[in-house]
Structure formats: structure tokens, C-alpha cells
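What the coordinates show
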Amino acid sequence: MLGCLIRKEILDHILSLRFLILSVIAALVVLLSLYSGYTYYQSSLENYRLAETATENRIRQLLDCDDWLELDAMGFKIHKPPTPMSIFVRGLEPALGRTVLISGGGKQLPARSPESVEPSLGVFPLLDLGLIVQIVVSLFILLLTFDVVCGEKENGTLRLIAALPISKAKLLLGKFLGVLIPTLASIFLPLLLGLAAVLMSPHAKFTELELIHLVLILLTIGTYLCVFTSAGIFASCLAGRSATAFVVLLSFWVATVIVLPRLSLIVADSVSPAPSFYNLITEKAVVAMADLEARYERHRNWQQDYQRVNGIEWHQTPEGREAYQLFFAQTRREARTHTFRQWERLDEAFQNRYNVRLDLAMYLARLSPTFAFNNAVVRLAGVGWEPQHRFKVAGERFWKKYRAWFARTKTRDRLRLAHPAKYGEYVWDVSDMPRFIFHERSHSEDLRFALVDVGILALWGIMFFAGAFFTIQGYDVR
């Protein structure tokens, strides 16, 4: 009897004009999102290859430039490679920078985003699979389920079904599977076709771990659709009329998709306000200026002491020039070490305050199944803040390595110019310049947090289904 009920529900849905229209629209937007993601990845990959070529050309130019000022002020750029998972979920990829400037100076590493190169990109909305599922497909499911129980009651068919020898629990299960099966088929058939086309493409090369994460993303999508199917049936059992159920579900959709994620950030800002980034920049500038003035004061004192002891100015003899260059390198190293240590403390204090606010907002936003879904797929796709942070850490680590090489090699050349008899003739040679290599690796922490969000989604689905189960027990079918 349960199989007959499921078959009846499936046929009722797939033969309805509403289901046909929504299925066609869903298939079109899913395929369009995959095509948009694929073209985005192609463009990002091409830009990355061009940027890497430009960096190699730049480094070859620096090897022959014979100008420390150009190495110090201009330097060269390093780049983050795009991930093929951005075909499905774009996440923060378009907003966060993928290029870092490496120079011998002491400035903070700037990162550039695509919008900084082409500002018009910020005008157009993103179109990726994650966004389509969490907004469009979830709304379609609510449109298919709002009258699945109360609508049949209004038509009088629910009374006939209840007269059959079937329990209300099986009736609810039949309704749930009768809606979920055709809905999953209408979404996953075009999705799997699009995935097959993407996987056969020569440009999109996925690692084994990325394929596992892709499967987990598909399972997360299925779980998310189950949540909204259960919510739609619960509202249909709870309301006496289909119009009331529609209004309730529409309010639920607005709350979970739009209001709750933004409200969590507002509450977090009220409880733990975000620190000002401009104050951080000002404090770091004050520290750098104070250290620079202290260094210049040490230089002036050294020059006066040298002239008082030796009776001549330091630049008049090779020994004086050598001593000054050694003192210059020492004060530069000490000043930069002190400046960067102070900057790290300011950055750490700023980041700690910012993380408190962000963590609070994240915990509150997880009350929304839409936010939990988005957070899960972004982490599984590796397009969130965590991979960007790992790239930034790798860039800063390389910058420190490059800065140490820069100071050491520049001091060597200055000593050769100051005292060639002792240190050898000056020859421009920067062939040992360090190179940047970055390989993004998935971290177990990303998977763990993603599974937590999937668990939250599953809990929401169980709660809605349990609510529908207890509600239908006392439901009046007349």
C-alpha cells in the first residue's frame, strides 16, 4: 500500500503543469550555473598562467637590472592558482585577492581582487551551483510542497486516501518520498549531465581528494533539499488551508535565506563590535615612523662619534665606508625586527577581536539551514577564507625569506662597493633569489567543520519531519 501511495504521489507531481514548469526552470538554471562556473574557472586559469608568465619575465628582468632600488620598490608578484572546485561553488574566490606583491620594503603585503582590476564585476550577481540550490531550488521545493497535505484536504481527496488501510505515519512517508524523489530527479539529472561534461573537459583536472569533496557536496545538496521538503510538508500539515501554508513557508524562506544570516552579524556587531582597520593602519604607521626616527638618530650619533674619534668623516676611507655599511645593515635589521614584531602584535590583537565577532556571528547564523548549507559547500569546495589565509601565510613566510635574502645580498654588494680590496670587486649577481611555490592542500579541519554543518542540516530535517509526524497524528482529514 505504501508503494502505491508513493507511486500515486510521484505521478501527481510529474504530470502537473506546475512541476513541469519548475523542473524546466531548475534544469536551465543548474546547467547555466555550471556553464558560468566553467567559464569563470577557464578565465581564472588563463589569467593565472599569464600572471605566472609575467612574473617569470619580471624575475628574468630583475636578474639583469643591476638596480637595488627596483628590487626594493618594485619587486615582483606571486599568485594563487585557482581551484577547479570554483566551477561549482564560487564562495569568496571573486572577492579575495589572488596576487601578492613581494618587495624588499617593509610594507604590508597587498592582495588584489578581480573587482579591483575590473570594477564592473561587482555589479553583476554571482551565478554558481551553491547559490542556485540555496535560493532558487529551495524556493521551488516550497512551491511544490505547500499544498501537499492541506491542498488535498481542500480538494477532498485526502479523506479518500485516509479511508484506505494505511497509517498516518505511512501516509506522511508516502507524501515525503512522493515529493522528494521527482524533485531530486529533476535537479540531479541535469546536474549529473553537467558534471559529466565538466569532468570530461581537458581544462578541469580534479585530484582524487577534490572528487571526494565533490561527492560530499552532492550529498550536502541532497540533505538540504530534504530539509526544505520536510519543512514544506510540516507547514502543509500545520496549516488548515493551502494559502496559509504558502504564506508560512514564504516567511520561513525569507527568514532562513535572508534575515537570519544578516541578523546574526548585526547581533554580533552589537555584542562584540568589529575593530577599525583604519585604526590598525594608523597604529602601524606610528610604530614604523618612531622606529625610523630612532634609527636615523643612531646614524647621526654614530657619524659624530666616528668623526670625533678618527678626526675624519666616515666616507673618506674604505675602512670608514665598510664600518658604516656594517652599522647600517645592523640598525636596519634591528629596526625592522622591532617594527615587524610590533606589527605582529597589533595584527594579532586586531585579528583576535575580529575573530570573536566572526565566531559569534557564525554560531548564530547556523540557526539558518541555508547558512549551514552554504558554509558546508564553501568549505568542501575550498573557496572560503581558510584557503586564502593559508595562501597569505605562505606569502608572508616567503616574504620574510625574500626580505632576509634581500638584506644579506644588498649588504654584500654595499661592502664590495665600499671596500673592494677586502670583499672583492662588485658584480651584480642575484641568481640565488628565492622563488615562491604554493600548493593548496585540503585540511582535515575544513572537512570537520563541513561535516558539522551537514549534521546541523540533518538535525533540521529530522526536526521538521518529526514536527510533521506529530502534527499529522491529530490532523483532521475532513
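Model, not experiment: these values are computed from the prediction. (Residues numbered from 1 in each chain as written. Predicted model: local features only at pLDDT ≥ 70, side-chain atom pairs only at ≥ 80, totals over all residues. Heavy atoms only, no water.)

What follows is about empty space enclosed by the protein. To find leftover empty space, a probe the size of one water molecule is rolled over the atoms. Applying the stated criterion across every chain yields a total of 2 cavities of 30 Å³ or more. Within this model, the largest cavity holds a volume of roughly 70 Å³. Phe19, Leu22, Ser23, Ala26, Val137, Phe140, Ile141, Leu144, Thr183, Ser186 and Ile187 are the residues that line the largest cavity. (1 Å grid on protein atoms, 1.4 Å probe; cavity = no way out; pocket = protein on both sides within 12 Å on 5 of 7 lines; lining within 4 Å. Points joined across faces, edges and corners; volume = space filled by probe spheres on them.)

This next bit is on the environment of leucine 171. The residue leucine 171 is located in helix α8 (residues 168-199) in this model. Placed 301 residues apart in sequence, leucine 171 and isoleucine 472 show a C-alpha to C-alpha distance of 9.0 Å. (Helix = DSSP H or I, 4+ residues; strand = E, 2+ residues; numbered from the N terminus.)

Attention now moves to the pattern of salt bridges. Applying the stated rule across the entire model yields 12 salt bridges. Among the ionic pairs, arginine 308 bridges to aspartate 305, the shortest N-O distance being 2.5 Å. Remark: aspartate 305 and arginine 308 occur in helix α11 (residues 277-310); sequence separation between them is 3 residues, near one turn of the helix. Residue lysine 422 is joined to glutamate 322 by a salt bridge in which the shortest nitrogen-to-oxygen separation is 2.9 Å. Taken as a pair, lysine 422 in helix α15 (residues 420-423) and glutamate 322 in helix α12 (residues 318-365) lie far apart in primary sequence, 100 residues in all. Given the relative accessible area of 9%, glutamate 322 is considered buried. (Salt bridge = Lys/Arg side-chain N within 4 Å of Asp/Glu carboxyl O. Buried < 20%, exposed > 50% of the residue type's maximum accessible area, 1.4 Å probe, protein only.)

With that settled, the discussion passes to the packing of helix α9 (residues 208-238) against helix α13 (residues 369-381). Here α9 crosses α13 at 175 degrees, and the two axes come no closer than 9 Å. As judged from the angle between their axes, α9 and α13 are roughly antiparallel. Residues His213, Leu216, Ile217, Thr220, Ile221, Tyr224, Val227 and Phe228 of α9 lie in contact with α13, whose contacting residues are Pro369, Thr370, Phe373, Ala376, Val377, Leu380 and Ala381. For the contact of α9 with α13, the per-class residue count stands at 12 nonpolar, 3 polar and no charged. (Axes fitted to C-alpha atoms, helices over the stretch in contact; angles between N-to-C directions. Parallel < 35°, antiparallel > 145°, perpendicular 65-115°, else oblique. Contact = heavy atoms within 4.5 Å. Nonpolar A, V, L, I, M, F, W, Y, C, P; charged D, E, K, R; others polar.)

This paragraph deals with a nonpolar patch on the surface. A cluster of nonpolar side chains, Phe246, Val247, Leu250, Val254, Ile258, Val259, Leu263, Ile266, Val267 and Val271, forms an exposed patch at the surface whose accessible area comes to about 800 Å². Here phenylalanine 246 lies in helix α10 (residues 242-271). (Patch = residues over 30% accessible without salt bridge, like charges linked within 9 Å, V, L, I, M, F, W, Y side chains within 5 Å. Areas by Shrake-Rupley, 256 points an atom, 1.4 Å probe, with all protein chains shown as cover.)

Further remarks concern the confidence of the model for the chain. For the chain, per-residue confidence averages 84 on the pLDDT scale, and residues scoring 70 or more make up 92% of the total. Note that residues 106-111 has pLDDT below 50 and, in this model, 17 contacts with residues that lie over four places away or in other chains. (pLDDT = per-residue confidence, 0-100.)

A few words now on the packing of α10 against α12. Interaxial distance between α10 and α12 falls to 8 Å at its minimum, and their mutual angle equals 145 degrees. The handedness of the crossing between α10 and α12 is right-handed. When α10 is examined against α12, the residues Pro261, Ser264, Leu265, Val267, Ala268, Asp269 and Val271 are found in contact with a partner set consisting of Arg357, Leu360, Ala361, Leu364 and Ala365. (Left-handed = near helix turned anticlockwise from the far one by under 90°.)

This next bit is on the packing of aromatic side chains. Inspection of the entire model under this criterion finds 29 aromatic pairs. Measuring from ring centre to ring centre gives 6.3 Å for phenylalanine 350 and tyrosine 354, while their planes differ by 15 degrees; the resulting arrangement is stacked. Of this pair, phenylalanine 350 and tyrosine 354 both sit in helix α12, separated by 4 residues, roughly a single helical turn. Taken together, the aromatic side chains of Phe76, Phe391, Phe398, Tyr402, Trp405, Phe406, Phe436 and Phe438 make up a single cluster linked through ring pairs. Here the basic side chain of arginine 295 rests over the ring of phenylalanine 328, its NZ or CZ set 4.5 Å away from the ring centre. Arginine 448 extends its terminal NZ or CZ atom over the ring of phenylalanine 449, reaching a point 4.8 Å from the ring centre. (Phe/Tyr/Trp six-rings, centres within 6.5 Å; stacked < 30°, edge-to-face > 60°. Lys NZ or Arg CZ within 6 Å of the ring centre and 35° of its normal.)

Moving on, we get to the side chain of serine 86. Mapped onto the elements of the fold, serine 86 is located in the loop between β1 (76-79) and β2 (99-102). Here serine 86 falls in the buried class, since its relative accessible area comes to 1%. Excluding anything up to four places from it in sequence, serine 86 contacts Gly37, Tyr40, Tyr41, Glu93 and Val383.

Moving on to the state of the cysteines. For the coordinates displayed, the defined rule picks out 0 disulfides. Looking at the unpaired cysteine 150, the closest cysteine sulfur is the one in cysteine 237, lying at 8.3 Å. For cysteine 150, a relative accessible area of 0% translates into the label buried. (Disulfide = S-S within 2.5 Å.)

Now for the nonpolar core. Ile87, Phe88, Leu129, Leu191, Ile221 and Leu225 are the most contacted members of the largest nonpolar core, which has 52 residues in total. By residue number, the principal contributor to this core is α9, which donates 10 residues. Once residues lying within four places of it in the same chain are set aside, the contact partners of isoleucine 87 are Ser33, Leu34, Gly37, Tyr38, Tyr41, Val198, Ala204 and Phe206. With 23 residues, the next largest nonpolar core counts Trp68, Phe76, Phe391 and Trp428 among its residues. (Core = buried A, V, L, I, M, F, W, Y, C linked by side-chain atoms within 4.5 Å.)

The next thing to look at is α11. Taking 1.5 Å per residue as the helical rise, α11 with its 34 residues ought to reach 50 Å, and the 49 Å between its terminal C-alpha atoms agrees with that figure. Among the residues of α11, Leu280, Lys284, Val287, Asp291, Arg295, His299, Trp302 and Tyr306 are the ones counted as buried. For α11, the side-chain oxygen to backbone nitrogen distance between the N-cap and tyrosine 278 is 3.4 Å, and the N-cap itself is serine 276. Looking one or two places after α11, you find glycine 311, whose phi comes out positive at around 80 degrees. (Expected span 1.5 Å × (residues − 1). Polar contact = N/O pair within 3.5 Å; in protein donor to acceptor, adjacent residues only side chain to side chain.)

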